[in-house]
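Residue-level structural notes
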Amino acid sequence: MRKLLLTVVLLTVVLFTQAQVKPATDAKMNSFIATLMAKMTLDEKLGQLNLPAAGDITTGQANSSDVARKIKEGKVGGLFNIKSVSKIRDVQKIAVEQSRLKIPLIFGMDVIHGYKTVFPIPIGLSCSWDMGLIERSARIAAQEASADGICWTFSPMVDISRDPRWGRMSEGSGEDPYLGAQVAKAMVKGYQGDDLAKENTILACVKHFALYGAIEAGREYNTVDMSRIRMYNEYFEPYKAAVEAGAGSLMTSFNEIDGIPATANRWLVNDVLRKQWGFNGFVVTDYTAIMEMSEHGLGDLATVSALALHAGIDMDMVSDGFLNTIKQSLTKGKITQAEIDLACRRILEAKYKLGLFDDPYRYCDEKRAANEIFTPQNRQEARTIAAQTMVLLKNDNQALPLKKKGTFALIGPLGNNRENMTGTWCVAADFDKCVSLLDGLKTALGNDAKILTARGTNFVMDQALDSRISIFGKPTYFDKRSQAEMVAEAVDMAKKSDVIVAALGESAEMSGESSSRSDINLPENQKELLKALLATGKPVVMVLFTGRPLSLSWENANVSAILNVWFAGTEAGDAIADVLFGKVNPSGKLTATFPQNIGQVPIYYNHKNTGRPLAEGTWFQKFKSNYLDVPNEPLYPFGYGLSYSKFEYGDLKLSANQAKGNQTVKATITLSNSGKVDGTEVVQLYIRDLVGSVTRPVKELKGFQKIALKSGESKQVSFGITPQDLKFYNSDLKYDWESGDFTIMVGGNSRDVKSAKVNWVK
Ligand code: BGC
């Protein structure tokens with residue numbers, strides 16, 4: 001017995017000690033890298049920090065390119081914008097056979113919302129409020145990209161934004177830090193899985209650190225100026241969540257913060273990211289961001305490169321600043337050898353974790369490339385996912401779902417256009433294989449109904465603008481006929497039909513990088529077409545394609561049904577048809593506020609109260625915080641989205657109205673589906689901290705659940721609230737909660753909520 005006891009004690013001690021030391025692989029990795037680095041020259045170390053774009057490498061020419069020369073000389077750490085197993089294998093071969101130390105390259109790519117199988121744009125994905133689904137989309141993206149040679153993606157993009165003028169709202173998850181953080185975690189998990197060394201997982205790169213979504217006036221690459229308390233409370237959470245989920249790399253943003261561009265901002269990278277959040281991956285700049293700091297006014301390339309390295313940047317994307325100037329800065333004492341070593345070590349660690357030192361061709365398997373990309377299963381999954389991201393903005397008199405009979409008029413520049421279905425950032429999509437809305441309607445209707453089509457109008461009528469919104473080659477098919485001629489043709493079709501499906505909105509390239517807009521209305525010519533269609537008296541269903549919130553006040557007032565489909569990916573047309581005909585009941589909810597007009601921007605649900613708030617339900621009161629010419633209310637609030645079901649919320653009940661310390665308060669509501677069809681509702685929990693040492697938002701999202709209910713069914717939905725949900729950063733940037741009164745709110749969007757109060761003391 002004593003022997004047994006001793007064994008148990010000994011075993012416990014051993015296990016305990018093991019838990020205290022680093023895992024064996026770390027020790028192995030550290031010694032491997034130390035041995036390797038001992039052999040490296042300064043130039044070879046700097047080479048690891050260099051990330052050029054693949055540039056002139058085309059199939060079969062890897063060896064003769066300029067990049068190849070640099071690879072042979074050990075001057076390249078990784079490459080991006082190169083895809084396909086054959087090309088990547090060729091290039092990797094140069095690194096591992098012709099460079100002195102045979103260090104493999106890391107291959108990056110903007111795999112943002114799918115690879116060849118394209119999912120909805122990220123803002124669309126976020127509107128599913130379904131983290132499992134988002135993780136699955138990232139998993140499939142990783143599976144396909146890794147089968148094509150890629151082991152590193154520049155995703156997730158987690159920038160919070162409240163300004164729809166900014167085209168890159170399409171790439172993020174909207175305006176809310178809590179939801180953004182959940183999405184960030186799901187994406188990292190999807191890409192990286194539980195083992196980075198597996199051949200079908202890839203390294204995530206969370207971007208753009210930080211605050212890129214808060215650029216002034218929504219003008220691309222513009223200045224950011226923000227208080228620290230706002231950064232911590234309203235913008236940092238998704239980056240931090242991605243780091244905590246284990247994201248292996250991070251990209252800095254183009255904008256400045258406190259007068260210093262993110263790429264040279266030591267407080268941001270070294271203090272916040274590494275020290276406060278414990279990030280131990282590597283940091284890469286955005287495209288030419290080091291070089292651009294000269295334009296920002298921080299000095300010549302040598303100066304800005306040294307600033308970046310000193311700030312904690314490890315890899316230089318495209319600027320060649322680290323490669324060509326750091327040696328000279330080292331001699332001048334502007335940076336230290338230790339700083340160079342640390343950056344180099346972090347890059348090598350990532351390569352080690354990806355398993356590239358074991359097998360540099362780990363991601364170069366032709367068989368996988370042939371079997372795992374754009375498979376019927378992946379496409380089916382993309383269709384299922386896409387249908388979950390669509391948001392029904394309006395549906396008067398049950399205009400939707402449509403019946404499969406009669407004659408349909410499909411009108412608008414997005415009706416018969418495959419290339420614009422995927423939206424921004426699709427590096428591997430075959431655009432002609434995308435399912436257009438016309439394709440989708442045809443498949444869904446078969447011989448049950450007739451479809452007439454007419455273009456009706458162009459995306460925009462200004463040809464110069466049209467060329468700017470199709471610059472990367474996603475065709476807009478600009479029609480040179482006059483607007484009057486196209487509208488007349490469309491009206492003629494419309495008159496012969498029973499129902500009009502108006503496929504309107506933005507072209508894929510009207511949002512995304514470098515696509516800021518100062519006017520977020522539907523282009524005037526499209527509105528004119530819509531007016532003409534409505535004038536026929538036929539029922540009109542508007543299918544809205546967009547990469548950002550638009551201002552749709554007129555459309556909302558005049559069209560009976562609006563389905564916002566964002567850009568839904570390769571399977572868009574089928575997924576839209578699934579929703580239009582009611583095979584799928586829409587359940588998407590907005591993750592960004594839709595304003596009534598551009599003047600309300602920035603507009604977001606979690607704003608402060610001000611000292612002169614407008615009384616609820618009123619429009620204008622003199623000397624209150626409001627506008628003369630538009631109410632404060634948005635057109636569609638955050639969290640909003642309709643369903644073919646009818647959801648009703650009972651009163652909110654709290655398990656306690658007085659709470660103390662670390663207790664859990666349960667908030668319960670009865671949700672009923674009084675509609676005729678089964679459906680799914682996103683039930684949202686908001687909290688308002690009524691009194692604080694600093695001003696607090698009027699509400700903040702703190703939880704959500706997706707609840708499926710059969711027609712006629714009711715369910716009790718509960719949220720457990722703990723003091724963890726009450727925490728915020730105070731004016732000393734200390735994260736804690738304060739005793740006081742809190743309003744707990746539950747509802748189907750951020751505006752229509754049931755509420756109850758709790759007093760919570762420490
Ligand atoms: C974008 C990044 C992207 C990078 C590489 C930049 O212009 O801002 O989001 O990852 O290019 O393609």
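**Side note on the pattern of salt bridges**
One side chain can pair with another of opposite charge once the charged atoms of both are near each other. Evaluation of the coordinates by the stated rule reveals 45 salt bridges. Asp-578 is paired through a salt bridge with Arg-383; the nearest N and O atoms lie 2.8 Å apart. Placement of Asp-578 in helix α23 (residues 572-580) and of Arg-383 in helix α17 (residues 376-389) is noted, with a sequence separation of 195 residues between them. Two residues, Arg-548 and Glu-506, come together in a salt bridge whose shortest N-O distance is 2.7 Å. Of this pair, Arg-548 sits in the loop between β15 (540-545) and α22 (553-558) while Glu-506 sits in the loop between β14 (499-505) and α21 (524-535); the two residues are 42 residues apart in sequence, bridging distant segments of the chain. Taking the relative accessible area as the measure of exposure, Arg-548 reaches 0% and is therefore buried. Here the salt bridges share partners, and the residues they tie into one network are Asp-66, Arg-69, Glu-73 and Lys-75.

**Here we look at the site of the ligand**
Around the ligand lies a shell of 13 residues, among which Asp-110, Arg-168, Lys-207, His-208 and Asp-286 are the nearest. The contact in question runs from an oxygen atom of the ligand to an N or O atom on the side chain of Arg-168, over 2.7 Å. Between an oxygen atom of the ligand and a side-chain N or O atom of His-208, the distance comes to 2.7 Å. Notes on the ligand: free accessible area 310 Å², of which the protein chains cover 94%. Most atoms of the ligand, that is more than half of them, are within 2 Å of grid points of the second largest pocket. Counted by class, the shell around the ligand contains seven nonpolar, one polar and five charged residues.

**Digging into the side chain of Lys-702**
Its place among the elements puts Lys-702 in strand β22 (residues 700-709). No salt bridge is formed by the buried Lys-702. Its closest oppositely charged neighbour is Glu-700, at 4.3 Å. Not counting the four nearest positions on each side in its chain, Lys-702 is found in contact with Tyr-178, Leu-685, Tyr-686, Ile-687, Asp-725 and Lys-727.

**Some details on the sheet that holds β22**
Ordered in space as β19-β27-β26-β21-β22, the five strands form an open sheet in which the pairing is mixed. Every other strand in the sheet has two partners, leaving β19 (658-660) and β22 as the edge strands with one partner each. Within the sheet, the average angular offset between the axes of one strand and its neighbour, ignoring direction, is 25 degrees. Note that β19 and strand β27 (residues 753-761) share three bridges and pair parallel. Each residue of the ladder has a partner; that of Lys-660, found in β27, is Val-761.

**Details of the packing of α17 against α23**
Contact geometry for α17 and α23: axes closest at 8 Å, N-to-C directions at 50 degrees. If you check the angle between α17 and α23, you find them oblique. Seen along the crossing, α17 lies across α23 with a hand that is right-handed. Between α17, through Arg-383, Ala-386 and Ala-387, and α23, the contact on the second element is made entirely by Asp-574, Ala-575, Asp-578 and Val-579.

**Notes on the packing of aromatic side chains**
Under the criterion given, the structure shown has 28 aromatic pairs. Geometrically, the ring pair formed by Tyr-729 and Tyr-735 is tilted, given 4.6 Å between the ring centres and 35 degrees between the ring planes. Tyr-729 gets classed as buried once you look at its relative accessible area, which sits at 12%. Relative accessible area serves as the criterion here: at 39%, Tyr-735 is assigned to the partly exposed category. One aromatic cluster is present, formed by Phe-209, Tyr-232, Phe-236, Tyr-239, Trp-267, Trp-277, Tyr-729 and Tyr-735 through successive ring pairs. Across from the ring centre of Trp-267, 3.5 Å away, lies the NZ or CZ of Arg-228, which sits over that ring. The residue whose ring lies beneath Arg-696 is Phe-728, and the NZ or CZ to ring-centre distance is 4.0 Å.

**Let's talk about the environment of Gly-692**
Its location among the elements puts Gly-692 in the loop between β21 (679-689) and β22. A relative accessible area of 35% means that Gly-692 is categorised as partly exposed. With 516 residues separating them in the primary sequence, Gly-692 and Asp-176 have C-alpha atoms 21 Å apart.

**Some thoughts on the nonpolar core**
In terms of nonpolar packing, the biggest core is built from 205 residues, with Trp-152, Phe-209, Phe-236, Leu-393, Ile-576 and Leu-580 touching the most fellow members. It is helix α7 (residues 131-147) that contributes the most residues to this core, eight residues altogether. Not counting chain neighbours up to four residues away, the residues in contact with Leu-580 comprise Leu-400, Pro-401, Leu-402, Leu-437, Leu-441, Val-541, Val-543, Leu-563 and Tyr-644. In this structure, Ile-669, Leu-671, Val-683 and Ile-707 belong to the second largest nonpolar core, which totals 25 residues.

**Some points on the layout of surface pockets**
What the largest pocket holds in volume is close to 1,200 Å³. Residue lining of the largest pocket: 37 residues in total, with Tyr-605, His-607, Asn-632, Glu-633 and Val-698 positioned closest to the centre. Counting only elements with at least two residues in the lining of the largest pocket, the list comes to β26 (740-747) and β27. Of the residues that constitute the lining of the largest pocket, the class distribution is 17 nonpolar, 13 polar and seven charged.

**Some thoughts on the pairing of strand β12 (residues 406-411)**
Of all six residues making up β12, five are buried, and the element is well covered by its neighbours. On the question of chirality, the crossover connecting β12 to the parallel strand β13 (residues 449-454) by way of helix α18 (residues 437-445) is right-handed. With four bridges connecting them, β12 and β14 associate as parallel partners. The residue of β14 that forms the bridge with Ile-411 is Ala-502.

**As for the packing of helix α20 (residues 483-495) against α21**
The interhelical angle for the contact between α20 and α21, taken along N-to-C directions, is 35 degrees, at an axis separation of 10 Å. For α20 against α21, the interelement crossing comes out right-handed. Seen from α20, the contacting residues are Gln-483, Val-487, Ala-490, Val-491 and Ala-494; seen from α21, they are Asn-525, Glu-528, Leu-529, Ala-532 and Leu-533.

**Regarding helix α9 (residues 228-235)**
Among all positions in α9, only Met-231, Tyr-232, Asn-233, Glu-234 and Tyr-235 are buried. Along its buried surface, α9 packs onto α8 (177-192), α10 (237-244), β7 (256-257), α11 (266-276) and β24 (728-729).

**Considerations on the sheet that holds strand β9 (residues 282-284)**
Taken in spatial order, the three strands line up as β5-β6-β9 in an open sheet, and their pairing is parallel. Two strands lie at the open edges of the sheet, namely β5 (205-209) and β9, each paired on one side alone. Strand-to-strand twist across the sheet, computed as the mean angle between neighbouring axes with direction ignored, equals 25 degrees. Both β5 and strand β6 (residues 249-252) contribute to a ladder of three bridges, which runs parallel. By the bridge assignment for β6, Phe-209 is matched with Thr-252. Against the sheet, α10 engages β5 and β6, with an angle of about 155 degrees to β5.

What counts, and where the lines are drawn
Along every chain, residues carry numbers that run from 1 in the direction the sequence is written. Whole-chain, interface and lining totals are the exception, using all residues; otherwise, since this is a predicted model, local features are given only for residues with pLDDT of at least 70 and side-chain atom pairs are given and counted only at 80 or more. Side-chain figures throughout are based on the complete set of non-hydrogen atoms in the structure, without hydrogens or water. Every case where a carboxyl oxygen of Asp or Glu lies within 4 Å of a side-chain nitrogen of Lys or Arg is listed as a salt bridge. A run of DSSP states H or I qualifies as a helix once it reaches four residues; a run of E qualifies as a strand once it reaches two. Both are numbered from the N-terminal end. Each residue is assigned to one of three classes by its accessible area relative to the maximum for its type, calculated with a 1.4 Å probe on protein chains only: buried under 20%, partly exposed between the two thresholds, exposed over 50%. When at least one non-hydrogen atom of a residue lies within 4 Å of a molecule or strand, that residue is treated as near it. Think of a polar contact as two N or O atoms within 3.5 Å of one another; within protein, one of them needs to be a possible hydrogen donor and the other a possible acceptor, and neighboring residues in sequence only count if both atoms come from side chains. To be clear on the numbers: accessible area is Shrake-Rupley with a 1.4 Å probe, and residue cover counts the displayed protein chains and nothing else. Only protein atoms enter the 1 Å grid, on which a cavity is a set of points fitting a 1.4 Å probe that cannot get out and a pocket is an open set with protein on both sides within 12 Å along at least 5 of 7 lines, lining residues being those with an atom within 4 Å of a point. Whether a molecule lies in a cavity or pocket depends on its atoms, and more than half of them have to be within 2 Å of the grid points. Residue type decides the class: Asp, Glu, Lys and Arg count as charged, Ala, Val, Leu, Ile, Met, Phe, Trp, Tyr, Cys and Pro as nonpolar, and the leftover types, Gly among them, as polar. Only four residue types enter the charge count, namely Lys and Arg as positive and Asp and Glu as negative; His and the chain termini do not. Here a residue-residue contact requires only that any non-hydrogen atoms of the pair lie within 4.5 Å. For two strands to count as paired, DSSP must find a minimum of two bridges between them. Under this scheme, a helix contributes an axis fitted over its contacting stretch, all axes are lines through C-alpha atoms, and angles between N-to-C directions fall in the 0 to 180 degree range. Working rule for angles: under 35 degrees goes down as roughly parallel, over 145 as roughly antiparallel, 65 to 115 as roughly perpendicular, anything else as oblique. For any pair of crossing helices, the crossing counts as left-handed if the nearer helix is rotated counterclockwise from the farther one by less than a right angle, and right-handed if it is rotated clockwise. Any two of the Phe, Tyr and Trp rings considered here, Trp counted by its six-membered ring, make a pair once their centres fall within 6.5 Å; the pair's planes then place it as stacked at under 30 degrees, edge-to-face at over 60, or tilted in between. For a lysine, the NZ atom is tested; for an arginine, the CZ atom; a charge sits over a ring if that atom is within 6 Å of the ring centre and within 35 degrees of the ring normal. Only buried residues count toward a nonpolar core. Its members are Ala, Val, Leu, Ile, Met, Phe, Trp, Tyr and Cys residues joined through side-chain atoms within 4.5 Å. Grid points are joined across faces, edges and corners, and a volume is the space filled by probe spheres set on the points. A crossover gets the label right-handed when its path from the first strand over the helix to the second runs clockwise, viewed with the strands pointing away from the viewer.

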